[in-house]
Amino acid sequence: MRRRNAVGALLVAGLACATGSTAWAQSGAAWPAKPIRVIVPFPASGATDLISRVLAQRVSQDMGQQLVVDNKPGAGGTIGTAEVAKAQPDGYTILFTTSSTHAISPHLMPKLNYNVTRDFTPIAHVADAASVLLVTPSLPVKNVQELISYAKQHPGKVNYATSGNGTIVHLNTAAFAARAGVELTHVPYKGTAQSITDLASGQVQMLFDSIPTGMPHVASGRLRALAVTGEQRSALAPELPTIAESGLPGYASVTWFGVYGPAGMKPELVQKINAAFNAAIQSPEVATALAKLGAEPAKPGTPAQFESMVKADSARWAKVIKDNHISLD
C-alpha cells in the first residue's frame, strides 16, 4: 500500500509539472473546473481591455483553464464593476479594472450602486501606467521648473488639455497645479488624441498623455516631453526624469490595473488567483507585451498590499477632487 501511494504521488507531481504551472497544480484543488469570466468594465481595444487580454492569455496557459474577457463598458466603468459586485464569490467571475472604478469614481459619483470596500475582494495588483508631461514646442520651457516659472509669470494663461472632467488626465494636472502653486486653465476634450493637433499648434500648451501615444509626437518634433509622472523613471522613456526629481518633490501618479472578485470569496481561492497573476506578471513575455501598451508589471504582492495601495490612492484623489471642486457636471 505504501509503495502504491508513493507511485501515485509521483504521478500527480509529474502531471503538475506537465501543465506548466507546478505550484498551481500541486494545490490539488478542483477549481477551476470551467472557464473563468473576466469582466472588463471598459470598451474593447482600450488600454484596460488590451492589458487584461495579455494577462488572461498567460494565466489561462498556466492554469489549463480559459479566462474569457467580457467587456461591459458604460458609465465610466461602473456598469461592469457593479455586475461583478453582484456575482457569486466562487472564483468564476472576476473584475479586471483600474484606478478609475475604485479610487476615483467613488469621489465623483456619490450615488454609485456599489461600495468599493464592502462589495469586493481585492486579489492582485498587476500593472501600472505612468503618463508623460507634454508641452507645445512654442512654449519657451525645456523642463518642469521652467514650466512652473512660466505659469507663475502668466497666471491662467497656460491652457491644459484633458480627456474630460474627472478623468485621470484632469486629476493629474490639477494635482500638478496645486503642488506647483500655479493657476492653469482647463480645456476638456472628448479624448486626448483629439487634443494633439491643438497642442502641436499651440492652442493649448500642456497635456498629460500616455507614454506610447505621446512619445511618437515627441520623436517627430511636434511636441516636447518634460517628465514622467511615476515615482521612478519609466522603462518606456528612460531618458525622461520624473516630475518629482525635476523639482516638484512628492508628486507621483500612475494608473494602476488590478483584479477583484465579489465580496465573500474564500481566502484560499483568493490566494490561488493572486498566485496565478503574480506568476504571469513575472514573465518576460508579459512584460514585453505590456510595454507596448504603455504599462509596466507591478511587483508581485499580496491581496492585503493591493488593498492598502488602493486605499492610499483613493484618499489622495479624494483630496484632489475636493480641493479643486471637480465634478462631472
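The structure under discussion appears in the preceding block.
Heads up: these notes are all about the structure in this document. In this text, all values refer to a predicted model and were calculated from it rather than measured experimentally. (Residues numbered from 1 in each chain as written. Predicted model: local features only at pLDDT ≥ 70, side-chain atom pairs only at ≥ 80, totals over all residues. Heavy atoms only, no water.)

**Section: the overall build of the chain**
What the chain contains, in helices and strands, is twelve helices and ten strands. Relative to the globule expectation of 20 Å for 329 residues, the C-alpha radius of gyration of the chain, 22 Å, shows essentially globular dimensions. A principal-axis box enclosing the C-alpha atoms of the chain has dimensions of 85 × 40 × 30 Å. A total of 329 residues make up the chain; the buried ones form 49% of that total. A separation of at least 24 residues holds for 77% of the contacts in the chain among residues at least 6 apart in sequence. Counting every atom, the chain has about 15,300 Å² of accessible surface; 54% of that belongs to carbon and sulfur. In the chain, 27 side chains carry a positive charge and 21 a negative one; their mean positions are 5 Å apart. (Helix = DSSP H or I, 4+ residues; strand = E, 2+ residues; numbered from the N terminus. Rg over C-alpha atoms; globule rule 2.2 N^0.38 Å. Buried < 20%, exposed > 50% of the residue type's maximum accessible area, 1.4 Å probe, protein only. Contact = heavy atoms within 4.5 Å. Areas by Shrake-Rupley, 256 points an atom, 1.4 Å probe, with all protein chains shown as cover. Lys, Arg positive; Asp, Glu negative; His and termini not counted. Charge placed at Lys NZ, Arg CZ, Asp CG, Glu CD.)

**Side note on helix α8 (residues 192-201)**
Within α8, the full set of buried residues consists of Thr-192, Ser-195, Ile-196, Asp-198 and Leu-199. Considering only its buried residues, α8 is in contact with β4 (120-135), β5 (159-162), α7 (168-180), β7 (206-210) and α9 (211-219). Directly beyond the C-terminal end of α8, a positive phi value near 90° is found at Gly-202.

**Points about the pairing of strand β6 (residues 185-188)**
Relative to β6, β5 runs parallel, the two sharing four bridges. Residue pairing in the sheet places Ala-161 in a bridge with Val-187 of β6. Between the parallel pair β5 and β6, the chain is carried across by α7, and the sense of this crossover is right-handed. (Pairing = 2+ DSSP bridges. Right-handed = clockwise from strand over helix to strand, strands pointing away.)

**Examining the nonpolar core**
If you look at the biggest cluster of nonpolar residues, it comprises 61 residues, and the most contacted ones within it are Leu-133, Leu-147, Phe-176, Leu-184, Met-206, Phe-208 and Ile-243. Ranked by residue count, the leading element in this core is α7, at seven residues. Ignoring sequence-local partners within four residues, the contact set of Leu-184 consists of Ala-151, Val-158, Tyr-160, Thr-173, Phe-176, Ala-177 and Met-206. Ranked by size, the runner-up nonpolar core spans 34 residues in total, among them Val-38, Val-54, Ile-123 and Ala-280. (Core = buried A, V, L, I, M, F, W, Y, C linked by side-chain atoms within 4.5 Å.)

**Observations regarding the pairing of strand β8 (residues 224-228)**
Working note: regular strand, side chains alternate between the two faces of the sheet. With five of five residues buried, β8 lies mostly within the body of the structure. In terms of strand pairing, β4 meets β8 through four bridges, oriented antiparallel. Residue pairing across strands places Val-135 opposite Arg-224, the latter belonging to β8.

**Structural notes on the pattern of salt bridges**
A full pass over the atoms with the stated rule returns ten salt bridges. Among the salt bridges present, the one from Glu-307 reaches Lys-311, with a minimum N-O distance of 4.0 Å. Of this pair, Glu-307 and Lys-311 both sit in helix α12 (residues 303-323), four residues apart, which is roughly one turn of the helix. Judged by its relative accessible area of 33%, Glu-307 is partly exposed. Since its relative accessible area comes to 51%, Lys-311 is described here as exposed. Linking Asp-323 and Lys-319 is a salt bridge whose minimum nitrogen-to-oxygen distance equals 2.5 Å. Highlighted residues: Asp-323 and Lys-319, both in helix α12, separated by four residues, approximately one helical turn. On the accessibility criterion, Lys-319 (54% relative accessible area) is exposed. Linked through salt bridges whose partners overlap, the residues forming this network are Arg-37, Asp-70 and Glu-83. (Salt bridge = Lys/Arg side-chain N within 4 Å of Asp/Glu carboxyl O.)

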